[in-house]
Amino acid sequence: MSDRSFKRWLDCLEFTTPTLLASPHYGPIVRARGVEEELRQARIEWRERQERARARKLRYEASFAD
């Protein structure tokens, strides 16, 4: 999945998860599916993707300095 698609998916997850968890009906279902852990892992992956993008940008800019 591209970074742009992943960010769109993460934003959707960030937006919907708190509402679903607060629901008396959907809350237990969502918790049983492990959505909280999925959100935590997605946040970690997004930070890693941002770090890789920064590293690529720095390598790209350094190539002009050579």
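Below: a short report on this structure. Just so we're clear, the structure is a prediction, and the values are computed from it rather than from any experiment. The residue numbering used here restarts from 1 in each chain and proceeds along that chain's sequence as written. The predicted origin of the model limits local features to residues at a pLDDT of at least 70 and limits the giving and counting of side-chain atom pairs to 80 or more, whereas totals for whole chains, interfaces and linings rest on all residues. Just so you know, side-chain values use all the structure's heavy atoms and leave hydrogens and water out.

1. Topic: the overall build of the protein chain
In this description a helix means any DSSP run of H or I spanning at least four residues, a strand means any run of E spanning at least two, and both kinds are numbered starting from the N terminus. Scanning the protein chain for helices and strands turns up three helices and zero strands. The N-to-C order of helical and strand elements in the protein chain reads α-α-α. On the principal axes, the C-alpha backbone points of the protein chain span a range of 60 × 15 × 15 Å. Think of it in three bands: residues with accessible area under 20% of the maximum for their type are buried, residues over 50% are exposed, and the middle band is partly exposed, with areas taken using a 1.4 Å probe on protein chains only. Out of the 66 residues in the protein chain, the part that is buried amounts to 20%. Only the protein chains shown count as cover for residues, and all accessible areas are computed by the Shrake-Rupley method using a 1.4 Å probe. By element, 57% of the accessible surface of the protein chain is carried by carbon and sulfur atoms, the whole surface being about 5300 Å². Treating the 14 positive side-chain charges of the protein chain as one cloud and the 11 negative ones as another, the clouds have centres 2 Å apart. Neither His nor the chain ends is counted toward charge; the positive residues are Lys and Arg and the negative residues Asp and Glu. We put the charge of a Lys on NZ, of an Arg on CZ, of an Asp on CG and of a Glu on CD.

2. Digging into a nonpolar patch on the surface
Each patch is built from salt-bridge-free residues with over 30% relative accessible area, joining like charges within 9 Å and nonpolar side chains (Val, Leu, Ile, Met, Phe, Trp, Tyr) within 5 Å. Think of a salt bridge as a Lys or Arg side-chain nitrogen and an Asp or Glu carboxyl oxygen that are within 4 Å of each other. Residues Leu20, Tyr26 and Ile29 make up a contiguous nonpolar surface patch of about 270 Å² in total accessible area. Along the chain, isoleucine 29 falls in helix α2 (residues 26-33).

3. Details of the nonpolar core
For this analysis, a nonpolar core means a set of buried residues of the types Ala, Val, Leu, Ile, Met, Phe, Trp, Tyr and Cys, connected via side-chain atoms within 4.5 Å. In terms of nonpolar packing, the biggest core is built from nine residues, these being Phe6, Leu10, Leu13, Leu21, Val30, Val35, Leu39, Ala42 and Trp46. Residue assignment for this core shows that the elements contributing at least two residues are α1 (3-22) and α3 (35-65). Any two residues whose heavy atoms approach within 4.5 Å are treated as being in contact. With near-sequence residues (within four places) excluded, leucine 10 lies in contact with Leu39, Ala42, Arg43 and Trp46.

4. A closer look at α1
Helix span is expected to be 1.5 Å times the residue number reduced by one. Over its 20 residues, α1 extends 29 Å from the first C-alpha to the last, a length consistent with the 28 Å expected when each residue adds 1.5 Å. Two axes are fitted around each residue, one to the seven residues ending there and one to the seven starting there, and the angle between them is reported as the bend at that residue. If you look at α1, its biggest bend is around 30 degrees, right at threonine 16, and the proline proline 18 turns up within four residues after that. Residues of α1 that are buried include every one of Phe6, Leu10, Leu13, Thr17 and Leu21, and no others.

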